[in-house]
Amino acid sequence: QVQLVESGGGLVQAGGSLRLSCAVSGGTFSSYVMGWFRQAPEKEREFVAGIGLRGQYYGESAKGRFTISRDNVKNMVYLQMNSLKPEDTAVYYCGRFTGSGALDATRGYDYWGQGTQVTVSS
């Protein structure tokens, strides 16, 4: 059984940084592209970043500020977030991409974590 567990969220002031972690158990971790999404209240889940064998991919909101990385030995995915803004406030989710469809669409993901709350104060 595949499980994803996010951690590292919290409250931070605007301009600050946070590093999110996603621990993955079950399955063949290194074979899958992994992604980070976020969901603010009353908004749809939004693609933040993805990482696979061929590189990293970022949503517009993350470019230049966030960095996604992975450790295939520890089965971990990370999201380093710098220069945080109040509009980055959301629950952040880690997901496993099936390879079918678009990387930035939630329907292409088969497993999700429970999410970690990030709150950026102004």
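Above this text you will find the structure in question.
As the structure is a computational prediction, the values presented were derived from the model and not from experiment. (Residues numbered from 1 in each chain as written. Predicted model: local features only at pLDDT ≥ 70, side-chain atom pairs only at ≥ 80, totals over all residues. Heavy atoms only, no water.)

## Some details on the overall build of the protein chain
And step 1. Looking only at helices and strands, one finds zero helices and eleven strands in the protein chain.
And step 2. Each helix and strand of the protein chain, placed in order from N terminus to C terminus, yields the pattern β-β-β-β-β-β-β-β-β-β-β.
And step 3. For a compact globule of 122 residues, the expected C-alpha radius of gyration is about 14 Å, and the protein chain comes in at 13 Å, within 12% of that figure.
And step 4. Taken along its principal axes, the extent of the C-alpha atoms in the protein chain is 40 × 25 × 25 Å.
And step 5. For the protein chain, the proportion of its 122 residues judged to be buried stands at 43%.
And step 6. When contacts within the protein chain are restricted to residue pairs at least 6 apart in sequence, those whose partners lie at least 24 apart make up 58%.
And step 7. Where the 12 positive side-chain charges of the protein chain centre and where its 10 negative ones centre are 6 Å apart. (Helix = DSSP H or I, 4+ residues; strand = E, 2+ residues; numbered from the N terminus. Rg over C-alpha atoms; globule rule 2.2 N^0.38 Å. Buried < 20%, exposed > 50% of the residue type's maximum accessible area, 1.4 Å probe, protein only. Contact = heavy atoms within 4.5 Å. Lys, Arg positive; Asp, Glu negative; His and termini not counted. Charge placed at Lys NZ, Arg CZ, Asp CG, Glu CD.)

## Brief notes about the nonpolar core
When a protein is soluble and globular, its nonpolar side chains tend to lie buried together.
And step 1. Counting residues in each nonpolar core, the largest one holds 25 residues, and the members touching the most others are Trp36, Leu79, Met81 and Tyr92.
And step 2. For this core, the secondary structure elements donating two or more residues are strand S3 (18-25), strand S4 (34-39), strand S5 (46-52), strand S7 (66-71), strand S8 (76-81), strand S9 (90-97) and strand S11 (116-121).
And step 3. Tallying contributions element by element places S3 first for this core, with four residues.
And step 4. If we ignore the near neighbours within four places in the chain, the residues touching Leu79 are Leu18, Arg19, Leu20, Trp36, Val48, Ala49, Phe66, Thr67, Ile68 and Tyr92.
And step 5. Judged by nonpolar contacts, the second largest core, of five residues, contains Phe37, Phe47, Phe97 and Leu103. (Core = buried A, V, L, I, M, F, W, Y, C linked by side-chain atoms within 4.5 Å.)

## A short note on the packing of aromatic side chains
And step 1. Counted by the stated rule, this structure contains five aromatic pairs.
And step 2. For the ring pair Phe37 and Phe47, a centre distance of 5.5 Å and an interplane angle of 75° mean the geometry is edge-to-face. One end of the pair, Phe37, is in strand S4; the other, Phe47, is in strand S5, with ten residues separating them in the sequence.
And step 3. Ring centres of Phe97 and Tyr109 lie 5.3 Å apart, and the angle between their planes is 50°; on these two criteria the pair is classed as tilted. Residue Phe97 is located in strand S9, and its partner Tyr109 is located in strand S10 (residues 109-112); the two are separated by twelve residues in the primary sequence.
And step 4. Here Phe97 falls in the buried class, since its relative accessible area comes to 9%.
And step 5. The exposure class of Tyr109 is buried, given its relative accessible area of 7%.
And step 6. Grouped by ring-pair contacts, the aromatic residues Phe37, Phe47, Phe97, Tyr109 and Trp112 constitute a single cluster.
And step 7. One cation-aromatic arrangement involves Arg19 over Tyr78; the distance from NZ or CZ to the ring centre is 3.9 Å.
And step 8. Positioned above the aromatic ring of Tyr93, the side-chain terminus of Arg45 is 3.7 Å from the ring centre. (Phe/Tyr/Trp six-rings, centres within 6.5 Å; stacked < 30°, edge-to-face > 60°. Lys NZ or Arg CZ within 6 Å of the ring centre and 35° of its normal.)

Treat this as a map of the structure, not an account of what it does.
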